[in-house]
Amino acid sequence: MASKAGDDPDSLMSLCTEFCLRNLRRTMCYSGERNRLSLRPDVFLPSEICDRLVNAYMDLVHTDSEFEPQDGFFQLFSDPCSTRLTHLTLREDLLRDRDLEAISKQDLIELHLTDCSRLSSRALRTLSSFRHTLLSLSLFGCSGIFFRKSAAPLASGEQDEEDEDPLEERLQMLDVDFSFQGFSRLRVLNVGGLPAELDVEALLQPLPALTALDLSAARLPRPAFLQQWSDRMASLVLYNVELTDELIHTLLQMTRLRHLDISRENQRTSKFKMSRRVLSSLVQTLVQLVSLDISGHIMLDNCTVTPMQEALGRPSTEPSKSSIYPFKELKRPLQFLGLYNTTLCNVTHIPAYKVTGSKNEDQILNAIEAYTEQRPELAHRAINQLFDIARIQHCSQLLRALQLVITALKTHKYDKSIQVTGSAALFYLTNTEYRGEQSVRLRRQVIQVVLNGMEHYQEVTVQRNCCLTLCNFSIPEELEFQYRRVNLLLLKILEPLRQDESIQRIAVHLCNALVCQVDNDHKEAVGKMGFVKTMLNLIQKKLQDRMCDQVMEFSWSALWNITDETPDNCQMFLECNGMNLFLECLKEFPDKQELHRNMLGLLGNVAEVKALRPQLLTRQFITVFSDLLDSKADGIEVSYNACGVLSHIMFDGPGVWSMEEPSRTHVMDKMWTAIQSWDVSSRRNINYRSFEPILRLLPQSGAPVSQHWATWALYNLVSVYPSKYCPLLIKEGGVSLLQTVLELQTSHVETKDMARKVMEQCESFKEDPMDTSR
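A quick note: this is a predicted structure, and the numbers were derived from the prediction, not measured.

1. Observations concerning the nonpolar core
With 158 residues, the main nonpolar core has Trp556, Phe582 and Phe625 as its most contacted residues. With 10 residues, the single largest contributor to this core is helix α28 (residues 704–720). Grouped together as the second largest cluster of nonpolar side chains are 101 residues, Met233, Leu236, Leu286 and Cys345 included.

2. So, the sheet that holds strand β13 (residues 334–338)
One key point about sheets: their strands pair by backbone hydrogen bonds, in either a parallel or an antiparallel sense. Spatially, the 10 strands line up as an open sheet ordered β3-β4-β5-β8-β9-β10-β11-β12-β13-β14, and their pairing is parallel. Here the strands that pair on one side only, and so sit at the sheet edges, are β3 (87–91) and β14 (352–356). Within this sheet the neighbouring strands show an average axis-to-axis angle of 5 degrees, counted without direction. Strand direction decides the pairing type here: strand β9 (residues 212–214) and strand β10 (residues 235–237), joined by three bridges, are parallel. When the sheet's bridge partners are listed, Leu213 is paired in β10 with Leu236. Its contacts with the sheet place helix α9 (residues 361–371) against β12 (291–293), β13 and β14, and it is angled at close to 75 degrees to β14.

3. Focus on the environment of Val606
Among the structural elements, Val606 can be located in helix α23 (residues 593–607). Take Val606: its relative accessible area is 0%, and that puts it in the buried class. Between the C-alpha atoms of Val606 and Thr566, which are 40 residues apart in sequence, the distance is 8.8 Å. Ignoring sequence-local partners within four residues, the contact set of Val606 consists of Cys570, Phe573, Leu574, Leu612 and Leu616.

4. Things to note about unusual backbone geometry
Here the bond from Ile475 into Pro476 is cis, since omega is 10 degrees, no more than 30 degrees from zero. Relative to the helices and strands, Pro476 resides in the loop between α15 (460–470) and α16 (483–494). Cis geometry is adopted by the peptide bond preceding Pro662, which originates at Glu661 and carries an omega value of -10 degrees. Following the sequence through the fold, Pro662 ends up in the loop between α25 (637–651) and α26 (664–677). Here Glu92, not a glycine, exhibits a phi torsion of approximately 65 degrees, which is positive. Secondary-structure assignment places Glu92 in the loop between β3 and α3 (97–102). In this structure, Asn240 is a non-glycine residue whose phi angle is positive, near 60 degrees. Inspection of the secondary structure puts Asn240 in the loop between β10 and α6 (245–251).

Reading the values: the criteria
Each chain has its residues counted from 1, following the order in which its sequence is written. It should be noted that, the model being predicted, local features are given only for residues of pLDDT at least 70 and side-chain atom pairs only at 80 or more, the latter also being counted only at that level, while totals for whole chains, interfaces and linings use all residues. In computing side-chain properties, one takes all heavy atoms of the structure into account and sets aside hydrogens as well as water. Put simply, buried Ala, Val, Leu, Ile, Met, Phe, Trp, Tyr and Cys residues joined by side-chain atoms within 4.5 Å make one nonpolar core. Burial here depends on accessible area, computed with a 1.4 Å probe over protein chains only, as a share of the maximum for the residue type. Under 20% is buried, over 50% is exposed, and the range in between is partly exposed. Only DSSP runs of H or I reaching four residues or more are called helices, and only runs of E reaching two or more are called strands; each is numbered from the N terminus. The criterion for strand pairing is that DSSP finds at least two bridges linking the strands in question. Note on geometry: axes are lines fitted to C-alpha atoms, helical ones only across the stretch in contact, with angles between N-to-C directions running from 0 to 180 degrees. The contact criterion used is simple: two residues touch if any of their non-hydrogen atoms lie within 4.5 Å.

Right under this line is the structure:
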């Protein structure tokens, strides 16, 4: 059998790494002085393991809300004699100055910092300690690192700088003391997003050995300084850098370039217009180019072939057949060509193996892949285009599309636009059409990023998209590995009574599905989260609005499910004014059959709990249950459930019946009449996981009508659904209890006759278990 997309298992190294990080004090660490996390003295870890531990730690912190950051984690790697770090990728606001200082003795070779907003110029001083070994350094989006940090004045004046609330921190005064002097081995540098006040030329002057440089969004008033690397620079990224004739002239001197990126986010913000002449000059002069990105540029003049030439032959990557004139000069096809947000991506013959653009699915996926890490503003647009493909057309590269969207959502969990478009795309990429192609592992990854979005964004669109995406999964089975988390999130969504109507409806539907067909431990745990109270609050609100909609019906259905064989939840229902809400709903919505069925099903669960039955034994409630015996709502369901409630109450005997009206005899007569009016072949809108509450009514003589209701229920179920309910009845010892019914003198003739038919049905099922009734 072929494996499904994304079905490769995690490596043993990955599993062990995650286990250690989740159990630091049980594996490689112990609690030292003041309960401080400390590395065990007998632990010596090579760089391959240390790098993986730190990078996996950062990933867990950013993608798993239940993973708690460990104070002092980076201190574990302070001693290079017991731990070795060489390649680190750290991002966003988790990282602080003191964390870098903790690892300052390590001989780092690569250090990639992205959007680390809490770092100040203290971190710059720490960087100097890596100057003799660093080959690759990225400070992308870490503009604060070039400023000294000071705190807003505080009352005590004694707060430690590292304990400041980030809201109280102030970055001010450019740090002009830092220099890259001494970073003699540095070959790769990314300083994208530098502060405008910084003199880029002076900053980079001490780095003669650079081969790759990213100056995204930098101001380059005197670009000629780039020529100092003309004989060795292989990669230059100038994304969102304002192009000028002088800068183009400088680039033409850098003949060793293999990758050049002069793309822009937005066409409208550029004064420079790309021309056929400029593009031809770049292609003809930079003969070693294998990768070029000119995304976002407006072409000043036409540089494409005629429509007639376009139509010749099948799409080709051969430069000689290029639809774009300047690229006919290429010696070989480019490995990568960025044409996103340009008209050039729409031509037929493009001499490149990988092209970003918006013409088709492949170009769009290439754009998401290329721009997600450091250009979320472009990735957002591309994901939006992927959303249209998945919604309107068909996504042919499903695994790749899903993995790219998952990566984007993980990488930019604080970017609202990515979260909105990404969650919308996931909804269409996980629907029934694509489901057969997806592995369990891949679908779990989707669930986790969806829950991350729900946690971090209370915004209506993200919440709705995330809830809708969860509806594409088998519930509760596929959500069970995150069962507690998903229930808490849904209950949090339902807390505001004035929540968006569509989100409320979807969230209640999910809540209902999550407590249906799960074991009692799960139901009790969800009950303790406030599930019962939340549902009753929703019902109360709908009553106030005099509205019986899906939210009202789903809420009662959810209460029916969560109270099934769960006495604690039944008690919560009574304590939270549930019975009064039941009466008010009956009065306000007398013709709502589905509502009545759900409410009576729930009260059947409450009535099964002996300790709670006295609270139902009031004149008001008994009269209501007795009147509902005559109901024809939803077939026999309302009448059946009302009779079930009364059967459990009657089972407790005449001694507990303290009221004169209605009399016990009168109610029992009505029960007999109701049962005799039901069609025993009725198909049912009910699902029993156990017959135990019914079976306990069989071996007794105090309430023959209760015994008769139980026997009728069994006969109906095993007759209409033999393959489902005959095995259950046999397994739970129901046949021997039915034999007891036959032996009791108090059992009515009709009851005995029905008991025999149930036993015969089970016997014939054992002989011929094939069920052809459905």
